[in-house]
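Below are the chains, spelled out letter by letter.
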Amino acid sequence: MSENEKVHINSVKEVTDLIQCTLEDSPLLRNITVRGELSSVTKSKTQYKTDCYYFTLTENNVNLPGVMFTGVDRMNFDPKKGDMVVCVGSATIYAPHEKYQLKCVSMKRDGEGDEATAFEELREKLRKEGLFSQRRPFPKFPKKIAVVTSGTGLVQEDIYGALQRRYPMVKVCLIHANVQGGNAEASLCAGIRKAQTVGADLIIFGRGGGSETDLKCFNSEALAREIFASKIPTVSAVGHRLNHPLCEDVADKTAGTPTEAAELVTPDIANIIADIGRMEQELRSAAARKISDCERALEVAERDVRLASPKERLTRGESELERLTMVIKTAMTAKLDRAGAELRAEMQRIVDTNPTTVLSRGYSIVSAGGKIITSAEELSEGDEIGIRLGKGSVTARITLVNGD
Amino acid sequence: MNFETELNRLREMANRMSGGSLPLEESLKLYEESKKLAVELKEYIKNAKLVIEKEEA
């Protein structure tokens, strides 16, 4: 039996897998925290277009390569060569390069945790003291605005631009303060104090965006207390990307940008002009209404006066008289007409009963010796009688008398 | 000009006029006055230019 038959010969892959398994399975090397100085950092993109950092942690000439894919944990700073950092990760083997490395899930600046904790404690302390509960009303039409910022930055220009556009009748007092560097904290505090003395009715303070270090002065306790102590309301206009600075908690209002700060504290002149236009219209129509109301009232009064005048009363009396006369006249005419008709009928009746009228219808009147004869017995044979006819008369002699 | 005061005065005039209880003569006087004031305000706005003072902290 040869040696070759006794010994198991591994493939390169098998050995590499074994090392990898041993290393990666070891609980001692999983999720460990390590502190070190970054001796090199390279930022690149993964195939998924996410950020990826390759770096080396160094301590006394001992190097530990590392890799970190962002998105695994938030990386809230930009790592640079020389930074002392604390990483959390697990050991892995990258086989093609014969290289072990620490695959990290987080990287923080050394001491940052302590600093962050201390800062949160400060924030809590100030909150309990009531520094964050001050929300004062702002004047609707500010007369003077104090702006505490760098006299060289773009912040002031943005604010001027917004004010000129929106509310140009306001005065601005720019109070130059250092907004970064060693004396920024003291300079900003002095700026807030100065702002109390220039006759302003509110303060805008701030700076444009910057790195975390640049914005550090806006986290200062001294500045927070100065802002709280301000006699006039304050607006914070600090450009930032991450945690909101302490001064925002204290300020009466917070704006994302200097322009927004100017907009928050001023009315828009376009609205005011529209308001004035509306008021002018209101006044015009109220005046026109008043005039026409008065005209109407005048007309009514004139009519009343006219009706009450003696002349008007006389005229009204005359026409009443005329009317009554007419009524009487009509009644009289009707009455006369009726009487006339009655008279005519009566006369007809008289005409109808006249004896001569009867004669004309064929009757005759017989008389003898001046006496009207109505019976045959009154006459005898031979008597001379007169006969009156409808027209004319004759004389006759009786030849026979019939008694019945 | 105190812009805010004058603007409020115009608003007050508009309210008084709209109330309608003023005598005619007073109404007309108020109307003339308000017309003048509105023109003044608009003129003031037109000519307004941001005044900037500078101080050191």
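**Student:** What is the right way to look at the interface of chain B and chain A in this model?
**Tutor:** At the interface, 35 residues of chain B touch 39 residues of chain A. Of the roughly 3,200 Å² buried at the junction of chain B and chain A (both faces included), carbon and sulfur atoms supply 67%. Taken as a group, Leu50(B), Glu55(B) and Ala57(B) account for 19% of the area that chain B buries against chain A, more than any other trio of residues on that side. At the surface where chain B touches chain A, the tally comes to five salt bridges. Taking the shortest distance from any N to any O, the salt bridge between Lys143(A) and Glu4(B) comes out at 3.6 Å.

**Student:** Could you clarify how one ought to interpret the confidence of the model for chain B in this entry?
**Tutor:** Should pLDDT be low for a region, the predicted coordinates there are not to be read in detail. Confidence in the prediction for chain B averages 90 pLDDT; 100% of positions are at 70 or higher. For this predicted complex, the interface confidence reaches an ipTM of 0.89, while the overall pTM sits at 0.57.

**Student:** I tried to follow unusual backbone geometry on my own but got confused; where do I start?
**Tutor:** If a residue is not glycine, its phi is most likely negative; likewise, a peptide bond is most likely trans. All names here are of chain A. Positive phi, close to 70°, is recorded for Lys49, a residue that is not glycine. With respect to the secondary-structure elements, Lys49 resides in the loop between strand 1 (32-45) and strand 2 (51-59). On the basis of relative accessibility, which here comes to 68%, the residue Lys49 falls in the exposed class. In this structure, Asn61 is a non-glycine residue whose phi angle is positive, near 65°. Since its relative accessible area comes to 77%, Asn61 is described here as exposed.

**Student:** Teacher, can you tell me more about the pattern of salt bridges here?
**Tutor:** Pairs can form between side chains of opposite charge once their charged atoms are near each other. A complete count under the given rule lists 29 salt bridges over all chains for this structure. The salt bridge involving Lys194(A) is made with Glu55(B); its shortest N-O contact spans 3.5 Å. With Lys194(A) in helix 5 (residues 184-195) and Glu55(B) in strand 1 (residues 51-56), this residue pair bridges two chains. A relative accessible area of 27% places Lys194(A) in the partly exposed class. On the basis of relative accessible area, Glu55(B) is assigned to the partly exposed category, the value being 28%. One network of salt bridges, in which partners are shared, links Lys125(A), Glu129(A), Glu221(A) and Arg225(A).

**Student:** Help me understand the environment of Gln164(A) in this model?
**Tutor:** With respect to the secondary-structure elements, Gln164(A) resides in helix 4 (residues 155-166). The exposure class assigned to Gln164(A) is partly exposed, which follows from its relative accessible area of 34%. Sequence separation between Gln164(A) and Ala262(A) is 98 residues; the distance between their C-alpha atoms is 9.9 Å. For Gln164(A), the contacting residues outside a window of four places in its chain are Ala48(B), Lys49(B) and Leu50(B). Side-chain polar atoms of Gln164(A) contact the backbone nitrogen of Leu50(B), separated by 3.0 Å.

What counts and what doesn't
Within every chain, residues take consecutive numbers counted from 1 along the sequence as written. Written order determines the labels here, with chains lettered from A and ligands numbered from 1. It should be noted that, the model being predicted, local features are given only for residues of pLDDT at least 70 and side-chain atom pairs only at 80 or more, the latter also being counted only at that level, while totals for whole chains, interfaces and linings use all residues. Heavy atoms throughout the structure, all of them, feed into the side-chain values; hydrogens and water do not. The contact definition used throughout considers only heavy atoms, calling two residues in contact when any of these lie within 4.5 Å. Buried area: the sum, over both parts, of the accessible surface (1.4 Å probe) that disappears when the two are put together. Each salt bridge in this description consists of a side-chain nitrogen of Lys or Arg and a carboxyl oxygen of Asp or Glu lying within 4 Å of one another. Note on scores: pLDDT gives the predictor's confidence for each residue, bounded by 0 and 100. Each helix corresponds to a stretch of at least 4 residues labelled H or I by DSSP, and each strand to a stretch of at least 2 residues labelled E; elements are numbered beginning at the N terminus. Throughout, exposure labels follow a simple rule: accessible area from a 1.4 Å probe, protein chains only, divided by the maximum for the residue type, with under 20% read as buried, over 50% as exposed, and the rest as partly exposed. Identification of polar contacts relies on pairs of N or O atoms within 3.5 Å, with a donor-acceptor requirement for protein atoms, meaning one able to donate a hydrogen and the other able to accept it, and with residues adjacent in sequence counted only if both atoms are side-chain atoms.

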